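# Examination of the molecular architecture
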Amino acid sequence: MDLFLHYLTLPYLLKGIGFTLAVTGLGLAGGLVVGMVLASMQLSRFAPLATAARGYSIIFRGTPLILQMVFAYNALPLIGIKLTAIAAGGLALALNEAPFIAEMLRSGVLGVDRGQVTAGQALGMTPGVLMRRVIAPQAIRTMVPALGSESISALKNSSLASVISVQELTLRSTQLASSTFDFFSVFLASGLIYLALTGGISLIQLLVEDGLDLDRQVSKSRFARLLPWRRGRVKQAATKVRAAPEDPSETPSPDTAGHAMEVSAKAAISAGERSISLASHEEAVRVTGLSKRYDEQSVLDGLNLIVRTGEVVALLGPSGSGKSTLLRCISHLDGWDLGQIHVGGKRLGYLPSGQLMTQHDLANERASVGVGMVFQQFNLFSHLTALENIAGPLRWVHGMSQEDADRRARELLERVGLSHRVDALPRHMSGGQQQRVAIARALAPNPSVLLLDEPTSALDPELINEVLDVIRRLAVEDGLTMIISTHQLRFAEEVADRVVFLSGGSVVEEGPAHEVLTQPRHPLTAKFLSVMGANTESTHQPIHEVKA
Ligand SMILES: Nc1ncnc2c1ncn2[C@@H]1O[C@H](COP(=O)(O)OP(=O)(O)OP(=O)(O)O)[C@@H](O)[C@H]1O
């Protein structure tokens, strides 16, 4: 026992720890840098880069580390690169770790929900901002356990550096045991030191996991405060704005139906005047001859559409008629084959020369033109609170100060009846609440046009009204220009100035909402409405009863 304790504290062995850590540190740091390059190459759309990265992985994962260390120390000097034993060991370990780390990075990035990436693009985030604020924070969180295991494995692999005479812990233990012949005590002490080192790594992993845990109470720790995606501390004042629940889903208010009737009445009184006045408004969106194919399938077929400022247009049509694709093209989230789209008079995504913009410039233009988008699946950033989902893009895309962005986010959350949920994560909110946050997020930068892609189709019937009510208010009170793809016929009749019926990727019929929904002219519209139970009588059913 005495001898064991003696070896455990022997400076000769303890110095070996320094060399072990030096090789491991170089290996992990270098592996992370090379791994990031490899992961970017593999994720690149440029095939030769991805192939080169794969070739690298095959070579370095397929040959033994010990051989790579010997090569780095003994063969590189032959071509004029002479490294110290520690540098050669660290280099070989880095090159060997890189493909493993690259795979972790790649799977972390690919694991981030594509919908959130699309939402970030729609909000005008450049690829860099998207990576820093949306993808990396979520990818890193999922990678931490695997990175912890890889670090432990790198520490143990560093012992192979003994073959190139790095005086690390294993080599020193072997030398000590050979000279004292006390193999048992020396290797027991050495094993315990390794255990302490790997235990340290596990502890760091646990602390990092804990620091990144979204369900943990907001951290006051300095570490958590350094993280760019940390959960912001929500000021008490903000949560006190409303003590009682303001959420219509929690306190179903008779207001909703009342409000709907009021809107309907207003709409009926002013429909004629409104359509005359809208005709003189400027064009907010002009779509001319838009055609798009997916392989052999034609999805949009010479589609034409003009939406004027302040107008609310409901897109109706059977599933697969191209409603979502049209909305995605308007915000240039998708490209198209033929035709032109102007938003606010600008060809969004095109240079004056007619050339396509880079993704970076397209993002900036999307933000400056102001095309907001609300998705079927909400697509909230799952690592951010309701407040941060709204305030974050205002800061990162529009350069607003944190104070102003938070104030705007609170105002909007209050408008959509969610001021008591400012600090809630998306997964702690109901579908209706998430969609209301998504609407608030899209509204935050004051878009010139708001596109809503079946905003209620992913909601349970009892949650649909709370979202429709918010949209109704935007149409009536704010006079926002909106294009809404929806299957909610009664809602379309109440809120939309015009209904545009799509079939097979082109406009089959369009006209004042009430007219198209009650007296369809085209047989396809009539058939669709009858399938939807939306003939004259059924459009007067309660909204939630009219479903696709
Ligand atoms: N990425 C894609 N690759 C191939 N085909 C696609 C893709 N996206 C959409 N499509 C096809 O394009 C057609 C139009 O789809 P779109 O989602 O625009 O229709 P929709 O009218 O919005 O339908 P729904 O009401 O069901 O949402 C569909 O046939 C769909 O399968």
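The name recorded for the chain in an unreviewed UniProt entry is ABC transporter permease, from Sulfuriferula multivorans.

Take the overall build of the chain next. Broken down by element type, the chain carries 21 helices and nine strands. Among the 548 residues that make up the chain, the fraction classed as buried is 45%. Residue pairs in contact within the chain that sit at least 24 positions apart in sequence constitute 71% of those at least 6 positions apart.

Let's shift gears to the UniProt feature "domain: ABC transporter" (unreviewed entry) in the chain. Using the residue numbers shown here, the UniProt feature "domain: ABC transporter" (unreviewed entry) corresponds to residues 285-529. As annotated, residues 285-529 has a helix share of 40% and a strand share of 24%, and its two end C-alpha atoms lie 26 Å apart.

A word on the domain arrangement of the chain. Split into domains, the chain comes out as domain 1 (2-193) and domain 2 (260-370 + 447-548). Each of domain 1 and domain 2 was reduced to a C-alpha centroid, and the two centroids are 53 Å apart. The interface is formed by seven residues belonging to domain 1 together with eight residues belonging to domain 2. With three residues, helix 6 (residues 114-122) is the largest single contributor of residues to the side of domain 1 that touches domain 2.

Turning our eyes to something else, we now look at the sheet that holds strand 5 (residues 371-374). Read across the open sheet, the six strands follow the order 5-6-7-3-8-9; overall the sheet is mixed. The sheet is open, and its two edges are formed by strand 5 and strand 9 (506-512), each paired on a single side. Neighbour-to-neighbour, the strand axes of this sheet turn through a mean angle of 20°, independent of strand direction. The strands that helix 17 (residues 431-443) touches are strand 5 and strand 6 (449-453); relative to strand 5, the one it contacts most, it runs at about 175°.

Now for helix 15 (residues 386-398). Structural remark: α-helix, 3.6 residues per turn; residues separated by three or four positions point the same way. Relative to the 18 Å expected for 13 residues at 1.5 Å per residue, helix 15 spans 18 Å between its end C-alpha atoms, a close match to the ideal helical length. All buried positions along helix 15 are accounted for by Ala-386, Leu-387, Glu-388, Asn-389, Ile-390, Ala-391, Gly-392, Pro-393, Leu-394, Trp-396 and Val-397. Summarising the contacts, the buried residues of helix 15 are in contact with helix 7 (127-157), helix 14 (359-369), helix 16 (402-415) and helix 17. Gly-399, located one to two residues past helix 15, shows a positive phi value of around 65°.

Our focus in this paragraph is the nonpolar core. Grouped together as the largest cluster of nonpolar side chains are 131 residues, with contacts concentrated most on Ile-330, Leu-413, Ile-483, Ala-492 and Val-499. It is helix 5 (residues 85-110) that provides the largest number of residues to this core, a total of 14 residues. Contacts of Ile-330, omitting those with residues within four sequence positions, involve Val-285, Val-287, Ile-341, Val-343, Val-371 and Leu-451. Among the nonpolar cores identified, the runner-up in size contains six residues, and Tyr-7, Leu-176, Val-186 and Ala-189 belong to it.

In the vicinity of the ligand, the contacting residues are Tyr-294, Val-299, Gly-317, Ser-319, Gly-320, Ser-321, Gly-322, Lys-323, Ser-324, Thr-325 and Glu-454. Of the residues belonging to the shell around the ligand, the class tally is two nonpolar, seven polar and two charged.

Quick look at unusual backbone geometry now. Excluding glycine, a negative phi dihedral is what most residues carry, and trans is how most peptide bonds are arranged. Positive phi, normally seen in glycine, also occurs at His-332, with a value near 55°. On the basis of neighbour count, His-332 is assigned to the buried category, with 24 C-beta atoms found within 10 Å. Positive phi is not limited to glycine here, since Asn-446 has a value of about 55°. In this fold, Asn-446 is placed in the loop between helix 17 and strand 6. By the C-beta count within 10 Å, which is 11 here, Asn-446 ends up exposed.

In this section: the confidence of the model for the chain. Per-residue confidence for the chain gives a mean pLDDT of 85, with 85% of residues at or over 70. Within the model, the stretch residues 230-269 combines pLDDT values under 50 with 53 contacts to residues more than four positions away or in other chains. The ipTM for the predicted assembly is 0.96, set against a pTM of 0.80.

Looking at where Gly-479 falls in the secondary structure, it is placed in the loop between helix 18 (461-478) and strand 7 (482-485). A sequence separation of 57 residues divides Gly-479 from Val-422, and the C-alpha atoms of the two residues are 26 Å apart.

Within the fold, Val-208 resides in helix 9 (residues 183-212). Since 17 C-beta atoms lie within 10 Å of it, Val-208 is described here as partly exposed. Taking C-alpha positions, Val-208 is 24 Å from Ala-386, a pair spaced 178 residues apart along the chain.

Turning next to the UniProt feature "domain: ABC transmembrane type-1" (unreviewed entry) in the chain. UniProt's feature table lists "domain: ABC transmembrane type-1" (unreviewed entry) at residues 17-205, given in the numbering used throughout. What you have in residues 17-205 is 82% helix and 0% strand, and the ends, taken at the C-alpha atoms, are 20 Å apart.

Looking at chain direction, strand 1 (residues 283-294) and strand 2 (residues 297-308) are connected through eight bridges and run antiparallel. Each residue of the ladder has a partner; that of Arg-286, found in strand 2, is Ile-306. In this structure, the hairpin formed by strand 1 and strand 2 is closed by a connection of two residues, where Asp-295 is found at a positive phi of approximately 50°.

Strand order across the open sheet formed by three strands is 2-1-4, with antiparallel pairing between neighbours. In this open sheet, the two strands that pair with only one neighbour each are strand 2 and strand 4 (338-343). Ignoring which end each strand starts from, the neighbouring axes of this sheet average 15° apart.

With that out of the way, let us pick up the packing of helix 6 against helix 7. One way to put it is that helix 6 packs onto helix 7 with a least axis distance of 10 Å and a crossing angle of 145°. Crossing handedness for the pair helix 6 and helix 7: right-handed. Residues Gln-116, Val-117, Gly-120 and Gln-121 of helix 6 touch helix 7, and the partners they reach there are Leu-130, Val-134 and Ile-135. When the residues that make up the contact of helix 6 with helix 7 are grouped by side-chain class, the tally is four nonpolar, three polar and no charged.

With that settled, consider the pairing of strand 9. Judged from the six bridges that link them, strand 8 (residues 498-503) and strand 9 form a sheet pairing that is antiparallel. For Leu-502, the partnering residue across the bridge sits in strand 9 and is Val-507. Between strand 8 and the antiparallel strand that follows it, strand 9, lie two residues; Gly-504 among them carries a positive phi value of about 60°.

Our focus in this paragraph is the packing of helix 3 (residues 47-62) against helix 5. Orientation of helix 3 relative to helix 5, taken along the N-to-C sense of each, is 120°, at an axis distance of 9 Å. What the angle tells us is that helix 3 and helix 5 run oblique. With respect to the hand of their crossing, helix 3 and helix 5 are arranged in left-handed fashion. Each of Tyr-56, Ser-57, Phe-60 and Arg-61 in helix 3 lies in contact with helix 5, whose residues at this interface are Leu-95, Asn-96, Ala-98 and Pro-99. Among the residues forming the contact of helix 3 with helix 5, the class breakdown is five nonpolar, two polar and one charged.

Criteria and cut-off values
- Residues numbered from 1 in each chain as written.
- Predicted model: local features only at pLDDT ≥ 70, side-chain atom pairs only at ≥ 80, totals over all residues.
- Helix = DSSP H or I, 4+ residues; strand = E, 2+ residues; numbered from the N terminus.
- Buried ≥ 20, exposed ≤ 12 C-beta atoms within 10 Å, placed from the backbone.
- Contact = placed C-beta atoms within 7 Å.
- UniProt positions renumbered as here; feature names shortened; annotations may be inferred.
- Domains from an automatic or database assignment.
- Pairing = 2+ DSSP bridges.
- Axes fitted to C-alpha atoms, helices over the stretch in contact; angles between N-to-C directions.
- Expected span 1.5 Å × (residues − 1).
- Core = buried A, V, L, I, M, F, W, Y, C linked by C-beta atoms within 7 Å.
- Near = placed C-beta within 6 Å.
- Nonpolar A, V, L, I, M, F, W, Y, C, P; charged D, E, K, R; others polar.
- pLDDT = per-residue confidence, 0-100.
- Left-handed = near helix turned anticlockwise from the far one by under 90°.
- Parallel < 35°, antiparallel > 145°, perpendicular 65-115°, else oblique.

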